[in-house]
Amino acid sequence: MKVTYNWLKDFVDIKVAPGALADKLTMAGLEVTSVEERGGDFVFEIEITSNRPDWLSVAGVAREVAAITGKKLIEKSHKVTKSQNHKAEVKIEIENKKDCPLYTAKIIKNVKVGVSPEWLKKRLELVGCRSVNNVVDITNYILFETGEPLHAFDLDKLQGNAVIVRRAKHGEKITTIDAQERPLNTGILIIADERKPIAIAGVMGGRETEVTETTRNILLEAAVFNPAVVRRGRRSAGIQSESSYRFERGVDLEKVTCASSEAAGLILGLAGGDLTGARTAGLAKSKKRTVKLDLFSVNKILGANINAARMKSILKSLGFKTSGARNVFTVKVPHFRFDVNSPVDLVEEIARVHGYENIAMTLPRVKPKPRLGEQPDKVALIKDILTGLGLNEVITYSLMDKSLLREFGMYAGAEALEVLNPLSAEQEILRPALIPGVSACVARNLNQKQDYVNIFEVAKAFGLSGGVPSEELRLCIALCGTKSMLLDRGVVKDTAGFLQLKGIIETVFERLGLKAHDFRPSERPSVIDILLAQEKIGMMQKLDQPALARMDIKNKDLFVAELSLERLLFYYKPEKKFSRLPAYPGISRDISLVIKEEITAGQILETVKEEGSVLLRQARISDCYQGKQIPAGFKGLTISCLYRSDERTLTEEEIEPLHSAVFKRLYEKFGAQIR
Amino acid sequence: MDIEAIKTQIESEIQGVNSPQGLEEFRVKYMGRKGVLAQLTGVIPTLPVQERASFGQQVNALKEKILLIIKEKQGSLSGEKLMTQKGSGCDITMPGIARELGRLHPISQVMDEICTIFSRMGFSIVEGPEIETEFNNFTGLNIPLDHPSRDAFDTFYLKSNSKLLLRSHTSPVQIRVMKSEKPPLAAIVPGKVYRPDATDASHSFMFHQVEGFMVDEEITFSDLKGTLGLFAKAVFGKDIKMRFRPHFFPFTEPSAEVDISCIICKGKGCSVCGRKGWLEILGSGMIHPNVFKHVGYDTKKYSGFAFGMGIERIAMLKYGIDDIRLFFENDLRFLKQF
């Protein structure tokens, strides 16, 4: 909202410079976002918080200026013309007083509509309002000065003898002064004559009845409309105005008559004419409110030491009236302060004017209730492991395009959680999986000519569980492309694949002490299930063609894994047990085999472990080879076996038969040959 | 020959050796087949029997000494070679060989930093769901259903159940924690929030917040100031200035917006701070009694403060990032800068 320095001076004797005043206002809660010098005046742009409709006027801001600069507010006196009490020929009907607590109309005849004087034009222009004609300008001037929206109708354009405040009927329409035809509905409150709507109440007047150069007689409206109703009307009509902005926040009922008289006085002065009558319908007064304020509690909440006299003078400067005993005030709330309902609201008023900067900085006496080993700590540990493995964390949107589900082979949209009010297709659903978003992120980086993309995300995936929306914390990892590493013997290339992905996930499992893990081919092609304690907690996948095409990834394989962190952490047990270090040295023996390609490393290791005696402590794959020296359809595999006893140093002679037995078994079972 | 004299000679001679060739000449002179040591050894049989043993020992000691001197010289010469010569041996100006570390997203880094600061002050980290009820997101926080204050928290709703929404701030976690626990409590809540804003350089429909709150019998507004003062110094440095401006939030009273002195211009006024010299970084206040009523706390007994901040904004200020969309594009060239 804009106000000007000189306009404020109509109400307060300001002794501080515009810049200093702006700082003071900001520190009192009226944030001045800019001060601009224009035409010998200073325009303040102020951000008014939604709880303070009483600040939406020059007079309202002036009251605050008076309070924070210790000056008196200059109250304007209003001349009331006698004819104001004559009954106007137009009747007012209010359909529902909840929608419109107060409606007043003044009839002014024989006005001369024309150009406004310069001073009026200039003030309006400084606060960002275009000059129309003297009558319209006066209604706007009073709006900016007092915060009370007014509207003037061309009386001769009204049909019949009544102004009716009612809800619009289905099918009714109005062309507003901005020349837009707007359909109305029963949620919208309108002003109508006996025939049809003439204004959207509190929002905008109709074009047909607007005041123009040819207007002779006017009806001046000053009213109060229900904020929620105006808000609804503004929303469904899709227009906002200075009036609706103020009505939505609340307009002071007590000031309606004043504002109307002031406007009428100005009209008579600038456009001539006679005030021939007035009408009022609805309530005349707002409810009186008092709040009991315990002075001790003010300082208790603030951690301050403000004395009673200071509190009293602050409240008085803001228009509150205080009375009562030494430690408890009874505070009468002025009618324009809708926001003050409880003691704590007064605490803020006192603190604000006293100055937040004058309240000390202290540290609370904390009684700690630490939560140890909570989920966030474990998730942080997992993220650290992943970054340690070279992966970069990404954050992608939780909302996604529903049509992506099909290409990514996910369940049909029926189970997806749809957003009621998305702004675009990319916000249609809450993502049921992280893979699409993370894949899009890979595609984006490939586009930027990255040869190797290794990323992960930890975020929620959403779905329905038993018909109820649910969310689950998941981990998604994606690998794509080839990483080149310069070692001292030259460049080594590492191309993303399932085993790289498996290695990363295994490292996480091992580091968290999750031993019972397994990776199993799923029924779906190119998909491998990840199991913990026999429970499927996730999967890894080589993305298939439709998904790659949708992401516009060409000539590259994309490997992704997604697993439930909640299930993973369910199995996490941080206890670790020490195993005694071996007292005697072990003997390591390798077996190099040539086996059929389709025999898996897992099968071989399993057989080795079954067959190996108690002395076989460890068996692992130490080499795998396919190439010139191995016939087609076969592969070379080397298994390193470690034999050890806890009681003595083993001898070669002891090991020999055991090791031969292992090989013999592999030969029998798989036809394995020594390489 | 006088062995002591030879020792002295060796010590002075080795000083003059400063190349591998020189060292080799030195070695041949003393250790060679016809070198000084060989000559000394040759002398032994000619000595009287009773002197042979002690002379032999002296010769041996001399031999050890020469070997040691040569070894030391070799070491210092090859060290000099490393510093001055390329090609042979190791070129230390080649890139080091190591596994590249990955990075946490800058948002995670800032969020972790903030959470750590508050953890050290005794706050515990709590998280809440992103799908929230209308009650927790609005009503419980004293935000009336049909009120302009709701505009600031414009919200995504779920199609299947219009009472459910994507939380528009992290404050609903206050309600969750207070409903399940009694004071004293101090919690810090990091997380994602959603608002249907059109995306541009400074708006995103998804962003991150950190919420913090503390409730006990004697928590004051001055405690809020002190706590946030410590926080600002920890994040932005000791010299940072801070100011509390009155503001309005439905869930706090008194409420304050907190500004720090502009970290770019140090308060002089620049384009980042809009010539104001101050940067708004968070909203805060004393928890409104109506919020306590909703969770069943005795408003006479307890008081508390709450604050909330946007992480993207803080990260943008901290790192000088000028477009919020960069956080969600996840370009590796961007991510690897942090």
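Within any chain, residue numbers begin from 1 and follow the written order of that chain's sequence. All chains are assigned letters beginning at A, and all ligands numbers beginning at 1, according to the order in which they are written. Per-residue local features are limited, in this predicted model, to residues with pLDDT of at least 70; the limit for side-chain atom pairs, both in listing and counting, is 80 or more; totals at the level of whole chains, interfaces and linings are taken over all residues.

1. Structural notes on the overall build of chain B
- Strands here mean DSSP runs of E at least two residues long; helices mean DSSP runs of H or I at least four residues long; both are numbered from the N terminus. A tally of helices and strands in chain B yields 12 helices and nine strands.
- This radius of gyration counts C-alpha atoms alone. The globule rule is 2.2 Å times how many residues there are, raised to the power 0.38. For 338 residues, the compact-globule formula gives about 20 Å, and the C-alpha radius of gyration of chain B, at 38 Å, lies well above that figure.
- Along the longest, intermediate and shortest principal axes, the C-alpha atoms of chain B span 120 × 45 × 45 Å.
- Considering chain B as a whole, with its 338 residues, one finds that 39% of them fall into the buried category. For every residue, the other C-beta atoms within 10 Å of its own C-beta are counted; 20 or more classify it as buried, 12 or fewer as exposed, and values in between as partly exposed. C-beta atoms are placed from the backbone.

2. Re the interface of chain B and chain A
- Here, residue contact means that the backbone-derived C-beta atoms of the two residues sit within 7 Å. At the junction of the two partners, chain B supplies 71 residues and chain A supplies 74 residues.
- The greatest single-element share of the side of chain B that touches chain A, amounting to seven residues, is contributed by helix α8 (residues 221-236) of chain B.
- Ten residues, namely Ala, Val, Leu, Ile, Met, Phe, Trp, Tyr, Cys and Pro, are considered nonpolar, four, namely Asp, Glu, Lys and Arg, are considered charged, and the remaining ones, Gly among them, are considered polar. A class-by-class count of the residues in the side of chain B that touches chain A yields 35 nonpolar, 17 polar and 19 charged.

3. Quick notes on helix α7 (residues 172-180) of chain B
- Listed in full, the buried residues belonging to α7(B) are B:Pro172, B:Val173, B:Gln174, B:Ile175, B:Arg176 and B:Met178.
- Against the buried residues of α7(B) lie β2 (131-133), α6 (134-137), β4 (185-194), β5 (206-216), α9 (289-295) and β9 (303-310) of chain B.

4. Digging into the environment of A:Lys121
Residue and element names in this part refer to chain A.
- With respect to the element layout, Lys121 can be found in helix α4 (residues 118-126).
- Remark: the alpha-carbon pair of Lys121 and Ile138, spanning 17 residues in sequence, is separated by 9.7 Å.
- When sequence neighbours within four positions are dropped, the list of residues in contact with Lys121 reads Ser116 and Ser131.

5. Here we look at the domain arrangement of chain A
- The domain boundaries here were taken from an automatic or database domain assignment. What the domain assignment reports for chain A is domain 1 (2-69), domain 2 (82-282), domain 3 (290-356), domain 4 (375-571) and domain 5 (587-674).
- Placing the centre of domain 2 of chain A and that of domain 5 of chain A at their C-alpha centroids yields a distance of 96 Å.

6. Topic: unusual backbone geometry
All names here are of chain B.
- Cis geometry is found at the peptide bond from Pro183 to Pro184, where omega equals 0 degrees.
- Relative to the helices and strands, Pro184 resides in the loop between α7 and β4.
- With an omega of -10 degrees, the peptide bond between Glu253 and Pro254 qualifies as cis.
- Of note, Pro254 is situated in strand β7 (residues 252-261).

7. Details of the pairing of strand β11 (residues 197-200) of chain A
Residues and elements named next belong to chain A.
- In this sheet, β11 lies alongside strand β10 (residues 189-192) in antiparallel orientation, the contact comprising three bridges. Across the sheet, residue Ile191 finds its bridge partner in β11, namely Ala199.
- What sits between the antiparallel neighbours β10 and β11 is a turn of four residues.
- Two strands pair under a simple rule: DSSP has to find at least two bridges between them. Pairing between β11 and strand β12 (residues 204-205): two bridges, direction antiparallel.

8. Things to note about the packing of helix α5 (residues 106-120) of chain B against α8(B)
Residues and elements named next belong to chain B.
- Axis definition: a line fit to C-alpha positions, over the contact stretch in the case of helices; interaxial angles, taken between N-to-C directions, run 0 to 180 degrees. Two numbers describe how α5 lies on α8: the axes approach to 10 Å, and their chain directions differ by 135 degrees. The orientation of α5 relative to α8 falls into the category oblique. When you trace α5 past α8, the crossing you get is right-handed. Contact residues: Glu113, Ile114 and Ile117 in α5; Phe231, Ala234 and Val235 in α8.
- Of the residues contributing to the contact of α5 with α8, the split by class is five nonpolar, no polar and one charged. Comment on the angle field: the value is read as roughly parallel under 35 degrees, roughly antiparallel over 145, roughly perpendicular from 65 to 115, and oblique elsewhere. Left-handed is the label given to a crossing in which the near helix is rotated counterclockwise from the far helix by less than a right angle, and right-handed is the label when the rotation is clockwise.

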